[in-house]
Amino acid sequence: MCADAGGYCTRESTLSAIVERCHLPAPPPAPPPVPPSPPISDRLWPPVQTIHRTPGIATAAQGSFSFCLRNSSDTPAILEAAFARYARILFPGRSGQPQPACGAAIQEPELGQFALRSLDVFVETLADDLTATVDESYTLDVKPAAGSSTATVRAKTVFGVLRSLETFAQLSSDDGDGTSVSIASAEVSDAPSYAWRGVMVDSGRRFWPVDMLKWLMDAMQANKLNVLHLHLSDFCRYAVESKAFPGLTANLTGLQAGSYTRGDVANIVQYAKMRGIRVVPELDLPGHARGLLPLEQHGLQFCEPTSSTRSQLYDDAENRTFGVLSTLLAELAQLFPDEVLNIGSD
């Protein structure tokens, strides 16, 4: 009812009629409909081999959730680090807290009847030999249930476990404050479609500092990539400290500045391995070799040796070039443990 110059309004059957008769301001437009959530398989990247989506959502919180290796009392360092890393990814709001011990009695927080207390991991071998043929397959089963929600990973190697942790994180949605997550129920069976899933960084032309490489490797981990191809020599520089030929990096300045110390290389290789990433070095030969100019004084030969833009190596009859490169490649092979050493072939 409302009053106006014409008397009392009569009861109208629609909101629009009341607004028009009573001179009320128009109501705000209805909010747009919330788009439906994408299918859970669309949230997993790269797409998994098989996924069976079942009804239900489990909940987990930093204060009451643990990653637990169930078939060994000795958790290897690579899994210890991965469990801590994914705890920070799942629960950024409480990243400073250690995860509860597996099997410990938990009093809080209260998450309801579908609370998930652990991700139970079973792995056939704890060896951490990262090779081109390492098995990265796994299964992941998340089963919400009243009073007994479970999540289980089974893998043949620790590197399969690493891939499963990323899938588990992708199945999870932050509940709002960074301290708890909802995890979609799913049965996943997965293995890489390709053994080599790589990214190449050309530090021979545009130098990438160590911290930038680590940022890249974190992104690679999130995409389940497993090879960092380091193109270490090109027109601008040879980008690794050499004990055999210190002059290679001693005078890199200006646009040519930037190189990795031996400590840097060890740091990069270890950081990569903890994320299931191989580091493959490349010494580009015989072309694009201008970064090796300081080795001329040690006998390295270039085609057109008087040219100011010389960058193509010359296979001299005296094998002086071969001798210098043999020393340099042997040194590089000692720094990078991977079974592959790339020589470019430009």
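The structure this text deals with has already been given above.
Report on the accompanying structure.

About the criteria used
- Residues numbered from 1 in each chain as written.
- Predicted model: local features only at pLDDT ≥ 70, side-chain atom pairs only at ≥ 80, totals over all residues.
- Heavy atoms only, no water.
- Helix = DSSP H or I, 4+ residues; strand = E, 2+ residues; numbered from the N terminus.
- Buried < 20%, exposed > 50% of the residue type's maximum accessible area, 1.4 Å probe, protein only.
- 1 Å grid on protein atoms, 1.4 Å probe; cavity = no way out; pocket = protein on both sides within 12 Å on 5 of 7 lines; lining within 4 Å.
- Points joined across faces, edges and corners; volume = space filled by probe spheres on them.
- Nonpolar A, V, L, I, M, F, W, Y, C, P; charged D, E, K, R; others polar.
- Core = buried A, V, L, I, M, F, W, Y, C linked by side-chain atoms within 4.5 Å.
- Contact = heavy atoms within 4.5 Å.

Let us look at the environment of threonine 249. Tracing the backbone shows threonine 249 in helix H5 (residues 247-250). On the basis of relative accessibility, which here comes to 15%, the residue threonine 249 falls in the buried class. Measuring from C-alpha to C-alpha, the distance between threonine 249 and serine 259 comes to 6.7 Å, with ten residues separating the pair along the chain.

Here the focus is empty space enclosed by the protein. Picture a little ball the size of a water molecule; that probe, rolled over the atoms, points out where space is still empty. Under the criterion given, the structure shown has one cavity of 30 Å³ or more. Looking at the largest cavity, its volume works out to about 40 Å³. For the largest cavity, the full set of lining residues is Leu130, Thr131, Ala132, Val134, Glu136, Ala195, Asn226, Gly276 and Arg278. Here the lining of the largest cavity is built from residues that sort into four nonpolar, three polar and two charged.

This next bit is on the nonpolar core. Phe65, Phe67, Leu119, Leu140 and Phe168 are the most contacted members of the largest nonpolar core, which has 41 residues in total. Those elements that provide at least two residues to this core are strand E3 (50-61), strand E4 (66-69), helix H2 (77-90), strand E5 (118-123), strand E6 (138-143), strand E7 (150-155), helix H3 (158-170) and strand E9 (180-190). When residues no more than four places from it in sequence are discounted, the contact partners of leucine 119 are Phe65, Ser66, Phe67, Cys68, Leu140, Ala151, Thr152, Val153, Leu165 and Phe168. Leu228, Leu300, Leu335 and Phe336 belong to the second largest nonpolar core, which has 36 residues in total.

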